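What the coordinates show
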Amino acid sequence: MGRISTKENKTVYQISREALGYSREKASEVLGWISPERIEKIENEKSTPRSDEVLEMSIGYKNPNLCNHYCAKECPIGQQYVPEVKIKDLSQIVLEMLASLNAMHKKQERLIEITSDGQITGDEIQDFIHIQEELEKISITVETLQLWSEQMLANGSIDIDDYNAAKSK
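As a starting point, this report considers the structure included with it.

Some points on the nonpolar core
Formed by 13 residues in total, the largest nonpolar core has its most connected members in Tyr13, Leu31, Ile39, Val54, Met57, Tyr61 and Leu66. Among the elements of the structure, α2 (24–31), α3 (36–43), α4 (51–60) and α5 (65–73) are those that each provide at least two residues to this core. In contact with leucine 66, other than residues within four places in its own chain, are Val12, Tyr13, Ser16, Val54, Met57, Ser58 and Tyr61. Met97, Ile114, Ile131 and Ile138 belong to the second-largest nonpolar core, a separate cluster that totals 5 residues.

Right, here's the structure in full:
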């Protein structure tokens, strides 16, 4: 095993690698085609990782959150369109989802009123924006649940064979 880094501002890529106790050389072996030198450049922010490298690290480091981090923070398109998702406990995810769904249920009739004529008028804009924000909360909560399940599959907390078998039914 290599030296332990004492660097203070570590990137998520370095933190993920070190969480598994991997040296850059060991990580390179696990990742298969990303060299230790390239890993060092990414971790020291001398080079921005490519999307295929991040995908490989997310698999090799068993950290699906690396993909969301990359898309939300480093990819120019993702910065515009992909919200950053934070890993949370399952109970918190479910409670947030239920709260947002309940809020939307109450606004369902207003959404129909606003959109039924195919136009959003001045007196409807504020309500429409509020409904959009609530829908965005639901979308983020769905993404959070998806990321949570991917993390549980990656670390073995959910049996991947059982999961895939149930999904294919």
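Details of the packing of α4 against α5
Between α4 and α5, the least distance of the axes is 8 Å, while the angle of their chain directions is 155 degrees. In terms of axis orientation, α4 runs roughly antiparallel to α5. Between α4 and α5, the residues in contact are Ser51, Val54, Leu55, Met57 and Ser58 and Leu66, Cys67 and Tyr70, respectively. In the contact of α4 with α5, the residues fall into 6 nonpolar, 2 polar and no charged.

Scoring rules and cut-offs
- Residues numbered from 1 in each chain as written.
- Predicted model: local features only at pLDDT ≥ 70, side-chain atom pairs only at ≥ 80, totals over all residues.
- Heavy atoms only, no water.
- Core = buried A, V, L, I, M, F, W, Y, C linked by side-chain atoms within 4.5 Å.
- Buried < 20%, exposed > 50% of the residue type's maximum accessible area, 1.4 Å probe, protein only.
- Helix = DSSP H or I, 4+ residues; strand = E, 2+ residues; numbered from the N terminus.
- Contact = heavy atoms within 4.5 Å.
- Axes fitted to C-alpha atoms, helices over the stretch in contact; angles between N-to-C directions.
- Parallel < 35°, antiparallel > 145°, perpendicular 65-115°, else oblique.
- Nonpolar A, V, L, I, M, F, W, Y, C, P; charged D, E, K, R; others polar.

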